[in-house]
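# Analysis of the macromolecular model
As a plain string of letters, each chain reads:
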Amino acid sequence: MVQRRSLLDIVPHFILALGVIIIAFPVYIAFVASTWDAATISNGQMPLWPGPHFLENYYRTIFIGTAKTTREPVGIMMLNSFVMAMCIAIGKIAISLISAFAVVYFRFPFRMAAFWTIFITLMLPVEVRIYPTYKIVADLRLLDTYAGLTIPLIASATATLLFRQFFMTVPDELVEASRIDGAGPMKFFVDTLVPLSITSVAAMFVIQFIYGWNQYLWPLLITTSDNMQTIVIGIKKMIVTQDALTEWQIAMATAVLAMLPPVIVVVAMQKLFVKGLTETEK
Amino acid sequence: MNNVHLRKVGKIYAGGVEALRDIAFDIPDGAFCVLVGPSGCGKSTLLRMVAGLETITSGEISIGDRAVNDLDPSERDIAMVFQNYALYPHMSVYDNMAYGLRNRKTPKPEIEARVQEAARILEIGHLLDRKPRQLSGGQRQRVAMGRAIVRKPRVFLFDEPLSNLDAKLRIQMRVEIKKLQRTLGITSIYVTHDQLEAMTLADMLVVMNKGNIEQVGPPLQLYERPETVFVAGFIGAPPMNLIELPEGGVAGLALENRPVAPVIVGIRPEHFELAPVGTPAPLGISMQITAIEMVGAETYLYGALDGRGREVIVRVAGKAEQQIGERVTAVAERHNLHFFDPATGRRLAVS
């Protein structure tokens, strides 16, 4: 009996450990590579333990950048990525909360038509509408601006749907109690609905921040000047080079830096995130 | 004067369903009015129309001699206690009670004083910092009442406030609500489907059925002199025996001076008395016992008239010696009999 249980304990742990190793090892290698100098990496005999150039490599990455390819330090790219991800996450949440509120609590003409129009945008991610969206952004002279980077990505239905589903589970009596307590629609929204949605907002923030941070195609299209490029594009530019050696230690340091903000966001908001996706108690 | 006045109130939902028809009654200042009826009778709809949560299709509702048909719920000076309490989950108990006052721009010290006063009356002073989810059902109920009290409204509205509580707590809260209403003297309208709750709480009972009012009056009057078959069957537990007598009469039931036309005769179980066979009485029945319910202080005998007819319930004080299957005879006095017209369901004046 005792043996059986310990065996049952060991097998899942072994499988989990194996999974963690498979996923974590490349990340570890990237980190190790970011701490050696270029010569050690490119002669193909890089050790499996961290090297002596950690501070030097990361200093160069963040404040100076690669010599030839990106022409801007990674610090600027991180700032760009961060601004873009934050604008997309906050913008989406703000717009979605308001539109879900309108769809659920107001009886206006063509309410369902409006809802389905929002719903249909689910089928139209940027990749599908890339030409018209680019044309509009270009005509509005928004190329190479934060507005051009973020606004076309803010319009989306996922968050609206999530908040709509959540609002539908809020008991009607709460609305009625608010009405009797003298709270108008906007006061109900601000005083009751938004505080109740806080866990859903957190979950949405995590998802949308990562979505924004990982954007590749759209920033690639509409940013041309070096000081507007994002970190994801930066990595790509560092690796694919025509007339220079790839500075692997810098590229790897950039990759590690690019991983950090999403990890921080997930870890910081993990509790709220899980609650937001699973909690049903009102 | 915080009386409530309903004049020919009607409600037709979009789609043409008529929920209420020609509802008219007056609730005097400070009275405790209970709306009672089976589910779907329109009692909750009527309450929500008084609250302003449902529109009024026809007629007029006035509170304190002011027509409120077109007023917003917040302008009607009412407070409502909901069945599921509808407390704001993210606010503390204190904020739940203070929210309505803050929205009305009540000065802070005044809010503080009123909330503390309500908390004292309801004995929830030690809970003011908690969130609703940390409270038990009974405590949430008190907070919901507190939220109503602090507003000092003209009218309290209760929408089945006790139905989410367990039986023991329900009886306790029932007594407390009644006491509270007495002390505060605020006109109240209370909706319930529980006739016992209705009987014990009401100064004025309104029995509703299928969107109509069946009878309005003090609870005992409805008990002693039901105007319709529906009220007779609804008020009282176990219910009044209602036996339909066709022109030829039914086997197992003997009635002196029986009306010629078909009639429904009603006798409450507690008005029967067991008697030896052949005892002369205004009404006598003979039945075979099919079930016996002993509740301690009294016993209910369920039987079939003449062994195979309609079911009749007879109450016997204390314990009963009878056995299932035994035949018994029971008699009732003339003044305890009620007669109803089978066609209209209305009370017949038979002396």
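Residues numbered from 1 in each chain as written. Chains lettered and ligands numbered in written order. Predicted model: local features only at pLDDT ≥ 70, side-chain atom pairs only at ≥ 80, totals over all residues. Heavy atoms only, no water.

## A short note on the overall build of chain B
- In terms of regular secondary structure, chain B is built from eight helices and 19 strands.
- Structurally, chain B occupies a C-alpha span of about 75 × 45 × 35 Å along its principal axes.
- Taking all 351 residues of chain B together, the buried fraction comes to 52%.
- Restricting the contact set of chain B to residue pairs at least 6 apart, pairs at least 24 apart contribute 64%.
- Computed over 41 positive and 40 negative side-chain charges, the inter-centroid distance for chain B is 6 Å. (Helix = DSSP H or I, 4+ residues; strand = E, 2+ residues; numbered from the N terminus. Buried < 20%, exposed > 50% of the residue type's maximum accessible area, 1.4 Å probe, protein only. Contact = heavy atoms within 4.5 Å. Lys, Arg positive; Asp, Glu negative; His and termini not counted. Charge placed at Lys NZ, Arg CZ, Asp CG, Glu CD.)

## Comments concerning the sheet that holds strand β3 (residues 32-36) of chain B
Residues and elements named next belong to chain B.
- Strand order in the open sheet formed by six strands is β6-β7-β8-β3-β9-β10, with mixed pairing between adjacent strands. The sheet terminates laterally at β6 (78-81) and β10 (212-217), the two strands that pair on one side only. Taking each pair of neighbouring strands and ignoring which way they run, the sheet shows an average axis angle of 15°.
- Where β3 meets strand β9 (residues 204-209), four bridges bridge the pair, whose relative direction is parallel. (Pairing = 2+ DSSP bridges. Axes fitted to C-alpha atoms, helices over the stretch in contact; angles between N-to-C directions.)

## Focus: a nonpolar patch on the surface
Residue and element names in this part refer to chain A.
- A cluster of nonpolar residues, Leu7, Ile10, Val11, Phe14, Ile15, Leu18, Ile22 and Ile23, forms a patch on the protein surface that exposes about 850 Å² of accessible area.
- Looking at the element boundaries, Leu7 is found in helix α1 (residues 2-33).
- The exposure class of Leu7 is exposed, given its relative accessible area of 55%. (Patch = residues over 30% accessible without salt bridge, like charges linked within 9 Å, V, L, I, M, F, W, Y side chains within 5 Å. Areas by Shrake-Rupley, 256 points an atom, 1.4 Å probe, with all protein chains shown as cover. Salt bridge = Lys/Arg side-chain N within 4 Å of Asp/Glu carboxyl O.)

## Quick notes on the pairing of strand β18 (residues 327-332) of chain B
All names here are of chain B.
- Of all the six residues making up β18, five are buried; the element is thus mostly covered by neighbouring parts of the structure.
- Pairing of strand β14 (residues 273-275) with β18, which is carried by three bridges, proceeds in the antiparallel orientation. Within β18, the residue paired with Leu274 across the bridge is Ala330.

## What about the environment of Val206 of chain A?
All names here are of chain A.
- Mapped onto the elements of the fold, Val206 is located in helix α11 (residues 198-213).
- When the C-alpha positions of Val206 and Trp49 are compared, they lie 32 Å apart, and in sequence the two are 157 residues distant.
- In contact with Val206, other than residues within four places in its own chain, are Val265, Val266, Met269 and Phe273.

## Topic: the confidence of the model for chain B
Residue and element names in this part refer to chain B.
- Overall, the prediction assigns chain B a mean pLDDT of 91, with 99% of residues at 70 or greater.
- Within chain B, no element has a lower average pLDDT than strand β12 (residues 253-255), which sits at 86, and none a higher one than β3, at 95.
- Our summary of model confidence lists the complex with pTM equal to 0.82 and ipTM equal to 0.83. (pLDDT = per-residue confidence, 0-100.)

## Regarding the interface of chain A and chain B
- The interface of chain A with chain B comprises 18 residues on the first partner and 24 residues on the second.
- Buried surface at the junction of chain A and chain B, summed over both partners, amounts to about 1,800 Å²; 58% is from carbon and sulfur atoms.
- Contact with chain B buries area across many residues of chain A, yet Arg179, Ile180 and Asp181 of chain A alone supply 40% of it, more than any other trio.
- Remark: the boundary between chain A and chain B carries two salt bridges.
- In this structure, Asp181 of chain A and Arg151 of chain B form a salt bridge, with 3.7 Å as the shortest nitrogen-oxygen distance.
- Breaking the side of chain A that touches chain B down by element, the ones donating at least two residues are α9 (172-180) and α10 (185-196) of chain A.
- Broken down by element, the residue count for the side of chain A that touches chain B peaks at seven residues, all from α9 of chain A.
- Residues that form the side of chain A that touches chain B fall into these classes: seven nonpolar, three polar and eight charged. (Buried area = accessible area lost by both parts, 1.4 Å probe. Nonpolar A, V, L, I, M, F, W, Y, C, P; charged D, E, K, R; others polar.)

## So, the sheet that holds strand β5 (residues 66-67) of chain B
Residues and elements named next belong to chain B.
- Pairing within the open sheet is antiparallel, and its four strands lie in the order β2-β1-β4-β5. The open sheet is flanked by β2 (18-27) and β5, the only strands paired with a single partner.
- Each of β1 (4-12), β2 and β4 (58-63) is contacted by helix α1 (residues 43-51), which is oriented at about 115° to β1, the strand it contacts most.

## Some thoughts on the pairing of strand β8 (residues 187-192) of chain B
All names here are of chain B.
- Within β8, six of the six residues are buried, which leaves the element mostly enclosed by the surrounding structure.
- Along β8, one buried face is formed by Thr187, Ile189 and Val191 and the opposite face, lined by Ser188, Tyr190 and Thr192, is buried too.
- Pairing geometry for β3 and β8, over five bridges, is parallel. Of the residues in β8, the one forming a bridge with Cys33 is Ile189.
- For the segment spanning strand β7 (residues 155-159), helix α5 (residues 167-184) and β8, crossover handedness is right-handed. (Right-handed = clockwise from strand over helix to strand, strands pointing away.)

## With respect to the packing of aromatic side chains
Residue and element names in this part refer to chain A.
- Taken as a whole and assessed by the stated rule, the structure comprises 22 aromatic pairs over all chains.
- Relative to Phe63, the ring of Tyr59 lies with its centre 5.2 Å away and its plane at 40°, an arrangement referred to as tilted. Remark: Phe63 and Tyr59 occur in helix α3 (residues 54-63); sequence separation between them is four residues, near one turn of the helix. For the pair shown, Tyr59 and Phe63 are each scored as exposed. (Phe/Tyr/Trp six-rings, centres within 6.5 Å; stacked < 30°, edge-to-face > 60°.)

## Considering unusual backbone geometry
Residues and elements named next belong to chain B.
- With an omega of -5°, the peptide bond between Ala237 and Pro238 qualifies as cis.
- One non-glycine residue with positive phi stands out, namely Tyr85, at about 70°.
- Turning to its location among the elements, Tyr85 is positioned in the loop between β6 and α2 (93-103).
- Judged by relative accessible area, Tyr85 falls into the buried class, the value being 7%.

## So, the environment of Met86 of chain A
Residues and elements named next belong to chain A.
- Following the sequence through the fold, Met86 ends up in helix α4 (residues 74-105).
- Judged by its relative accessible area of 24%, Met86 is partly exposed.
- Sequence separation of Met86 and Tyr28 is 58 residues, and the distance between their C-alpha atoms is 28 Å.
- If sequence neighbours within four positions are ignored, Met86 has contacts with Gly91, Phe205 and Phe209.

## Section: the packing of helix α8 (residues 158-169) of chain A against α11 of chain A
Residues and elements named next belong to chain A.
- Axis separation between α8 and α11 bottoms out at 11 Å; the angle between their running directions is 165°. Of the possible angle classes, the one that applies to α8 and α11 is roughly antiparallel. Where α8 crosses over α11, the two elements pack in a sense that is right-handed. Residues Thr158, Ala159, Leu162, Phe163 and Phe166 of α8 pack against Ser200, Val201, Met204 and Gln208 of α11.
- Residues that form the contact of α8 with α11 fall into these classes: six nonpolar, three polar and no charged. (Parallel < 35°, antiparallel > 145°, perpendicular 65-115°, else oblique. Left-handed = near helix turned anticlockwise from the far one by under 90°.)

## What about the nonpolar core?
- The biggest cluster of nonpolar side chains holds 82 residues, and the ones touching the most others in it are Phe163 and Phe167 of chain A together with Phe25, Leu46, Leu157 and Ile189 of chain B.
- If one sorts the elements of this core by residue count, α4 of chain A sits on top with ten residues.
- Dropping the residues within four chain positions of it, Leu157 of chain B is found in contact with Leu47, Val50, Ala51, Ile78, Ala79, Met80, Val81 and Ile189 of chain B.
- In this structure, Ala98, Leu101, Ala119 and Ala148 of chain B belong to the second largest nonpolar core, which totals 46 residues. (Core = buried A, V, L, I, M, F, W, Y, C linked by side-chain atoms within 4.5 Å.)

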